Amino acid sequence: MRAGTKRVRLVAMAALTVLTFATAACAEDGADGTTTPGASTGTMKSGLKIAFLPKQVNNPYFTTSDNGGKAAVEEIKGNYSETGPSEASPSAQVSYINTLSQQSTDVIVVSANDKDAICGALNEARQAGAKVVTFDSDTNPTCRDLFINQATAEGIAANQVKLISEAVGADGGEIAILSATANATNQNAWIELMKTELAKPEYAKLKLVDTVYGDDQDQKSFTETQALLAKHPNLKGIISPTTVGVAAAARYLSGSTYKGKVQLTGLGTPNQMRAFVKDGTVKAFALWNPADLGYLAAYAGGALASGLITGKEGDKFTAGKLGEYTVGKDATVLLGDPFSFNASNVDQFNF
Ligand code: RAM
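Predicted, not measured: the structure shown is a model, and the values here were computed from it.

Which parts of the structure should I look at to understand the sheet that holds strand β9 (residues 206-213)?
Hydrogen bonding along the main chain pairs the strands of a sheet, whether they run parallel or antiparallel. The strand order β9-β8-β10-β11 describes an open sheet built from 4 strands, whose pairing is parallel. Of all the strands in the sheet, the pair left with one neighbour each is β9 and β11 (263-266). Taken over all neighbouring pairs, the strand axes of this sheet differ in orientation by 20 degrees on average, direction set aside. Here strand β8 (residues 173-179) runs beside β9; their pairing, made up of 7 bridges, is parallel. Residue pairing for β9: Glu 174 is matched across the bridge by Lys 207. The strands that helix α5 (residues 185-198) touches are β8, β9 and β10 (235-240); relative to β8, the one it contacts most, it runs at about 165 degrees. Strand contacts of helix α6 (residues 218-231): β8, β9 and β10, with the helix running at about 140 degrees to β9, the strand carrying the most contacts.

Help me out: how do you make sense of the site of the ligand in this one?
Taken together, 16 residues sit near the ligand, with Lys 55, Asp 136, Asn 186, Asp 216 and Thr 243 positioned nearest. Here an oxygen atom of the ligand sits 2.5 Å away from a polar atom, N or O, in the side chain of Asp 136. In this structure, an oxygen atom belonging to the ligand sits 2.9 Å away from a side-chain N or O atom of Asn 186. Protein chains bury 100% of the 300 Å² of accessible surface belonging to the ligand in isolation. Applying the majority rule of atoms within 2 Å of the grid points places the ligand in the largest cavity. Of all elements in the fold, only α1 (60-75) and α5 reach the threshold of two or more residues within the shell around the ligand. It is α5 that contributes the most residues to the shell around the ligand, 3 residues altogether. Among the residues forming the shell around the ligand, the class breakdown is 7 nonpolar, 6 polar and 3 charged. When residues of the shell around the ligand are sorted by domain, at least three fall in each of domain 1 (6-150 + 289-339) and domain 2 (153-287).

Hey, could you run me through the state of the cysteines in this one?
Per the counting criterion, the structure on display carries 1 disulfide. Each sulfur in the disulfide pair Cys 119 and Cys 143 lies 1.8 Å from the other. What sets the handedness of the Cys 119 and Cys 143 disulfide is the S-S torsion sign, and at about 70 degrees it is right-handed. Here the residue Cys 119 occupies a position in helix α3 (residues 119-127), and Cys 143 occupies one in the loop between β6 (131-135) and β7 (146-149), the gap between them amounting to 24 residues.

Before we go on, may I ask you to explain unusual backbone geometry in this structure?
Negative phi characterises most residues that are not glycine, and trans characterises most peptide bonds. Look at Asp 216: it is not a glycine, yet its phi comes out positive at around 55 degrees. On the secondary structure map, Asp 216 appears in the loop between β9 and α6.

So what exactly am I meant to see when it comes to helix α7 (residues 243-254) here?
One turn of an α-helix holds 3.6 residues; hence residues three or four places apart share an orientation. Taking 1.5 Å of rise per residue, the 12 residues of α7 would be expected to cover 16 Å, and the 16 Å separating its terminal C-alpha atoms lies within 8% of that figure. Of all 12 residues that make up α7, 10 are buried, and the element is covered over most of its length. Among all positions in α7, only Thr 243, Val 244, Gly 245, Val 246, Ala 247, Ala 248, Ala 249, Ala 250, Tyr 252 and Leu 253 are buried.

Explain the nonpolar core to me, please; I cannot follow it from the model alone.
One recurring pattern in soluble globular proteins is that nonpolar side chains are buried together. Judged by nonpolar contacts, the single largest core of 82 residues is most densely connected at Leu 146, Ile 148, Leu 296 and Phe 317. For this core, the element with the most residues is helix α9 (residues 290-305), which contributes 10 residues. One finds Ile 108, Cys 119, Ala 125 and Cys 143 within the second-largest nonpolar core, a separate group that totals 15 residues.

What is the right way to read the pairing of β8 from this model?
The side chains of a regular strand alternate between the sheet's two faces. Most of β8 sits out of view: 6 of its 7 residues are buried. Pairing between β8 and β10: 4 bridges, direction parallel. Looking at β10, one finds that Glu 174 is bridged to Leu 235.

Criteria and cut-off values
- Residues numbered from 1 in each chain as written.
- Predicted model: local features only at pLDDT ≥ 70, side-chain atom pairs only at ≥ 80, totals over all residues.
- Heavy atoms only, no water.
- Pairing = 2+ DSSP bridges.
- Helix = DSSP H or I, 4+ residues; strand = E, 2+ residues; numbered from the N terminus.
- Axes fitted to C-alpha atoms, helices over the stretch in contact; angles between N-to-C directions.
- Contact = heavy atoms within 4.5 Å.
- Near = heavy atom within 4 Å.
- Polar contact = N/O pair within 3.5 Å; in protein donor to acceptor, adjacent residues only side chain to side chain.
- Areas by Shrake-Rupley, 256 points an atom, 1.4 Å probe, with all protein chains shown as cover.
- 1 Å grid on protein atoms, 1.4 Å probe; cavity = no way out; pocket = protein on both sides within 12 Å on 5 of 7 lines; lining within 4 Å.
- Sits in = over half its atoms within 2 Å of the grid points.
- Nonpolar A, V, L, I, M, F, W, Y, C, P; charged D, E, K, R; others polar.
- Domains from an automatic or database assignment.
- Disulfide = S-S within 2.5 Å.
- Expected span 1.5 Å × (residues − 1).
- Buried < 20%, exposed > 50% of the residue type's maximum accessible area, 1.4 Å probe, protein only.
- Core = buried A, V, L, I, M, F, W, Y, C linked by side-chain atoms within 4.5 Å.

So this is what it looks like as structure tokens:
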């Protein structure tokens, strides 16, 4: 199976359960004794120092993804650590990268707040021997060895526009986007593609009137939502493709007279959004499995640092319980598809 076609399957375990997004494993190469070109040989090194550097610590989304990474690092008998800024600002990650490099970290797994601001530091770390894996939010591709993409940007954009269109209804109307930080690579890619999506004839009645930035800060996202509604009295819907933003916007709407009148969707975690689905503020939202994303990133980093793969297109590696993955174009590995949550399934997930 080529990269880009791997499908994420959601398995709801028993009631009140741990989320399990099981990735449908591709047919294993070599089952008939043959070896596929690009398949890795050799073994994963033990004792690798693998550090996670999220956009910000204390964001539940990254706590979940990094814990997924920790589980993988333990499986491959490496040394896991997590470090990072408390605020998701463009250059805040630079000093952490420098420290990790000085500590001879073998693999830096980073979600970039800015695609260029951390490039110099990452390339210095690579020159000093580290492998760099971006996940969640990429850098400029010249500053990393691999990007672990949670879902295609096109898929995320199409999902978000479809969800807001369904929530707003056939009459359409004005919509706005509440994003994270203005420089975030992932947010900006998704927003551009949402605009492409909105240009399609089926969305002719939806009009994007504003994009605002809550900087992945709860309070700023809350007040930006409030300001958006004051500025656009005809607003019918908000898309917030950030777990911090969508939870803050939901909290604002649910306590206001706009509840149920102005629709909201976005990328959120079930645990943060459950109450707002139940109280009628939000009909549906989406995400992927952040724990699997971190887990896959750690295995990819381990494979790079062990010399099992170099990051070239067609390289294959096994990511523990998730099975085999293939490196696609531009040194990117794809986790799967975004998944939508609503009142009928939100209780089946716990993250
Ligand atoms: C926030 C961050 C992250 C994004 C999720 C959906 O936690 O902005 O980068 O992928 O939301």
